[in-house]
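Observations on the model geometry
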Amino acid sequence: ESRTPVIESWLDFWVETSPTLGREWSGGYWTLSSIVVLYFRGTASEAEATFVGALREWRARLTAEQQQYVTISLTEFDSYWASRTAGCRDSSSVACRTFGAETDATGQAGVNIHSRMIPAAWVTQNNGAEAKATLKWMMYNGWSTFNYFLGGAVTDVAADETAVHPSVRVSIWNMEVFDPRLIERLRDDLPDSGVCYNHAAKDEPDWDAQAWGANLPRLLQVKAAYDPANRLNCFHCVGYQSLGGDDLTPATCEGMYNCAAGPGDEPAPQPPSLPVGPAAYFYSSADCTGTPSVLAIGHGECVGDDWGYFY
């Protein structure tokens, strides 16, 4: 409870300040109680002059007890990539050691993420009153968010020049929420906005309109022209059609390499056991030649007749 006034003050500051940041503040992540990281293209002194100094002044206005909850750090790197690879040499992460940067799991079965694009005009209207009220309401009604600050050239592209929902081109935040109450509030507050497609909910209502908005009709025209039989049919893709039971792969074919001739086919070949190493990439060819599906790092070996790996 002692942190509640600090968080509310932080939200006021963020609503008032984030819309004023120049394009040199080129993205980052924040939550209801923190800035996870913001990326700035320039010098440390320029970062101090354009935002970090104001952040320090906000902290200084807190009481001594409240200030203990706020830590501000500023670190310089030669590039964005250098910031992502820092510390990877000694990391326990296989991905970090191999590729030079940490990476996230493809999906998490127990997490139902929802997202909403947050236009800058909504954040600033009425001096931020609506945005502040919504964020503070979220503190007490679900709490869990992980959000993007959208900087750089996102707003330089016209709404109809790419396929994304037009709201992407006018938004300052993408909010990812993990509680149904939170997404319901955002949908009520922003009925004309859309989702960030990369973080769209699996149960998003009116999902295609929320993903592409006014750009959907043109996408459907392209779909009809190049895939009239809807062979490229996948969940939450343009023109997706739910399949009936007769169209789904029979359960008897599960794990089969080729189900066309029935359940008597041979099972799919399985890759060999791999040596301990930072990463492995498979390719299938008669003599283990050719290019693997992912750029290989290290050396390669051939195993059996069909499978090779690099490690």
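A brief report on the enclosed structure follows. What you see is a predicted model; the values in this text were computed from it and never measured. Sequence order as written defines the numbering, with residues in each chain counted from 1. Local features are withheld for residues below a pLDDT of 70 in this predicted model, meaning they are given only at 70 or higher, and side-chain atom pairs are given and counted only at 80 or more; totals for whole chains, interfaces and linings count all residues. Side-chain measures here rest on the full set of heavy atoms in the structure, leaving out hydrogens and waters.

**Here's the deal with the state of the cysteines**
Pairs of cysteine sulfur atoms within 2.5 Å are identified as disulfides in what follows. This structure, assessed with the given rule, holds one disulfide. Cys 234 shares a disulfide with Cys 237; S-S distance 1.7 Å. Residues Cys 234 and Cys 237 are joined through a disulfide that is left-handed, its torsion about the S-S bond being -90°. A relative accessible area of 33% means that Cys 234 is categorised as partly exposed. Summary of the burial criterion: residues with accessible area below 20% of their type's maximum are buried, those above 50% are exposed, and those between are partly exposed, where the area comes from a 1.4 Å probe applied to protein chains only.

**A few points about the packing of aromatic side chains**
The geometry of an aromatic ring pair comes down to the distance between the two centres and the angle between the two planes. Between 30 and 60 degrees the pair is tilted, below 30 it is stacked and above 60 it is edge-to-face, where a pair is any two Phe, Tyr or Trp rings, Trp via its six-membered ring, whose centres lie within 6.5 Å. If you walk through the whole model with that rule in mind, you get 18 aromatic pairs. Centroid distance Trp 14 to Phe 51: 6.3 Å. Interplanar angle 70°. Geometry classified as edge-to-face. You can see Trp 14 sitting in helix 1 (residues 4-17) and its partner Phe 51 sitting in helix 2 (residues 44-60), a full 37 residues away along the chain. With respect to burial, Trp 14 and Phe 51 carry one shared label: buried. Their ring planes at 75° and their centres at 5.0 Å tell us that Tyr 39 and Tyr 80 sit as a pair that is edge-to-face. Runs of H or I in DSSP of at least four residues are treated as helices and runs of E of at least two as strands, each being numbered from the N terminus.

**Digging into the side chain of Glu 176**
One can find Glu 176 in strand 5 (residues 171-177). Glu 176 sits in the buried class, given a relative accessible area of 4%. In this analysis, two residues are considered to be in contact whenever any of their non-hydrogen atoms come within 4.5 Å of each other. When residues no more than four places from it in sequence are discounted, the contact partners of Glu 176 are Ile 113, His 114, Ser 115, Ser 144, Thr 145, Phe 146, Asn 147, Tyr 148 and His 199.

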